[in-house]
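# Notes for the structure review
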Amino acid sequence: MNKQDFNEGFLGFLDASPTPFHAVQNMAGMFDNAGFKRLFEEQKWALEQGKKYFVVRNDSSIIAFTYPKNKNFLMVGAHTDSPNLKLKPNPLIKEHGVVKFGVESYGGLLLNSWFDRDLSLAGRISYLDANNLIKDALVDAKKSIAIIPSLAIHLDREANEKRSINAQTDICPIATTDSEFAWEVFLRELLAQSGVADAQEIYAHELSFYDTQKASFVGLKEEFIASARIDNLLSCYVGMLALCSVDEAKPMLFVANDHEEIGSQSAVGAEGSFLHSVLKRVFREHEEFEQMIRASLFVSADNAHAIHPNFPIKHDAAHAPRINGGTVIKVNANQRYASNAKTIARFCNVAASLGEVTQNFVMRSDMACGSTIGPITAAKLGIDTLDVGAPTYAMHSIRELCGSDDAHSLYKILVGLCER
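Residues numbered from 1 in each chain as written. Predicted model: local features only at pLDDT ≥ 70, side-chain atom pairs only at ≥ 80, totals over all residues. Heavy atoms only, no water.

## Examining the environment of Leu-74
Looking at the element boundaries, Leu-74 is found in strand 4 (residues 74-79). With 296 residues separating them along the chain, Leu-74 and Gly-370 place their C-alpha atoms 24 Å apart. (Helix = DSSP H or I, 4+ residues; strand = E, 2+ residues; numbered from the N terminus.)

## Let's talk about the environment of Ser-216
Mapped onto the elements of the fold, Ser-216 is located in strand 11 (residues 216-218). Residue Ser-216 is classed as partly exposed on the basis of its relative accessible area of 23%. Separated by 131 residues in the primary sequence, Ser-216 and Phe-347 place their C-alpha atoms 30 Å from one another. Setting aside residues no more than four positions away along its own chain, Ser-216 makes contact with Leu-11, Phe-224, Ile-225, Ala-226 and Arg-399. In terms of polar contacts, Ser-216 uses its side chain to reach the side chain of Arg-399, at 3.2 Å. (Buried < 20%, exposed > 50% of the residue type's maximum accessible area, 1.4 Å probe, protein only. Contact = heavy atoms within 4.5 Å. Polar contact = N/O pair within 3.5 Å; in protein donor to acceptor, adjacent residues only side chain to side chain.)

## Quick notes on the nonpolar core
If you look at the biggest cluster of nonpolar residues, it comprises 53 residues, and the most contacted ones within it are Met-27, Phe-31, Ile-62 and Phe-254. For this core, the element with the highest residue contribution is helix 4 (residues 230-245), accounting for 10 residues. In contact with Phe-31, other than residues within four places in its own chain, are Phe-36, Phe-54, Ile-62, Ala-64, Met-240, Leu-243, Cys-244 and Phe-254. Core analysis: the next-biggest nonpolar cluster, separate from the first, contains 32 residues, Phe-101, Ile-148, Ile-202 and Ile-398 among them. (Core = buried A, V, L, I, M, F, W, Y, C linked by side-chain atoms within 4.5 Å.)

## Some remarks on the sheet that holds strand 3 (residues 61-67)
The strands making up a sheet are joined through hydrogen bonds of the backbone, oriented either antiparallel or parallel. Pairing is mixed across the open sheet formed by 9 strands, whose spatial order is 1-2-3-13-4-14-18-16-17. Looking at which strands have only one partner, the edges of the open sheet turn out to be strand 1 (37-39) and strand 17 (358-361). Strand-to-strand twist in this sheet, taken as the mean axis angle between neighbours without regard to direction, amounts to 25°. Here 4 bridges tie strand 3 to strand 13 (residues 252-257), and the two strands are oriented antiparallel to one another. Bridging across to strand 13, Ile-62 finds its partner in Ala-256. Each of strand 3, strand 4, strand 13 and strand 14 (297-301) is contacted by helix 4, which is oriented at about 155° to strand 13, the strand it contacts most. (Pairing = 2+ DSSP bridges. Axes fitted to C-alpha atoms, helices over the stretch in contact; angles between N-to-C directions.)

## Comments concerning the packing of helix 2 (residues 20-33) against helix 4
Following both chains from N to C, one finds helix 2 and helix 4 inclined at 10°, their axes separated by 11 Å at the closest point. Taken together, the axis directions place helix 2 and helix 4 in an arrangement best described as roughly parallel. In this structure, helix 2 meets helix 4 at a crossing whose hand is right-handed. Of the residues in helix 4, those in contact with Ala-23, Met-27, Met-30 and Phe-31 of helix 2 are Leu-233, Cys-236, Met-240, Leu-241, Leu-243 and Cys-244. Tallied by class, residues from the contact of helix 2 with helix 4 come to 10 nonpolar, no polar and no charged. (Parallel < 35°, antiparallel > 145°, perpendicular 65-115°, else oblique. Left-handed = near helix turned anticlockwise from the far one by under 90°. Nonpolar A, V, L, I, M, F, W, Y, C, P; charged D, E, K, R; others polar.)

See below:
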């Protein structure tokens, strides 16, 4: 796949995936179209050699894999979630002539980037249908329904020098001046937009605000891609396309977990049982399973911090990746990243053979280092692991920035790794 087609598809995937639920729905559709058969965890699996499969948990995490008789698997891991503002269960606040929504901060988001943006709402609603069955529906308002206005400089003269944001009181999105606004009516309208007309009772919702501005190319020569949720839908897109691009006789698996941004400790996060459970059902015998783990490689793909041209002091000068400078290999002495010399060498060897360049990232020694699903997965499975990612600006902002070359380069390296 050439870079232009790859990037156009990436922009479309970003726009179509405002929540992890939508991202997984879109990836499941892609796998289905590519000939993968869907499995269900509550059913018995009868796997056939030479076939391709995928399985979804909680609508927000997904695993897809080929099934050749081969134990030397390439596994690629990413995460579906991004920092955002999640709606509280009882969100309505009516005061001072407006209706606004109470929200919780999900993950380590840059709160100041959420002011003065056109916001929409998407997610999942659970309801009782006309047949007395509890069902779920994915919903998306698909239009700007709220905004968080900044406080004017006249009322906060020190805003440009020092400003703190109270997550309880300062970031409530404002939706309307209609004091008669009814929350349940609005939820039913969202359901109706998704084709649900028989909701007898609405029980619960998991809804998040998102920026309605579309993903786009930026730069005099379109060197950049700007969008929400680049961290980590970029890696989801790369891993998904890599798996769909390899021959089904090649052993490859892709996993995209939810809840990485809040520590991965959930039934669908990397700390949960999802990947281990799927692998044990594919490799049923203990000896076979252990041989596969020791012969395989897990590539944790998550975005990396590019050196910011306005804040270069925030980087170690010898380990400062540049936008469009190639895939970043992430290293940390304290195992916040799981890369080691052995896994790095294998990745670099394939990259070099394809003419693709790589970069190194190490956090400054006087700054705390983030982490990924890489160390978690390495510890749970005992699998050789590598942490890589595309260099990115403004990580965890409502609108992040990556290069238009880097994701495509990572895609080619992953395909090359699998074909070796």
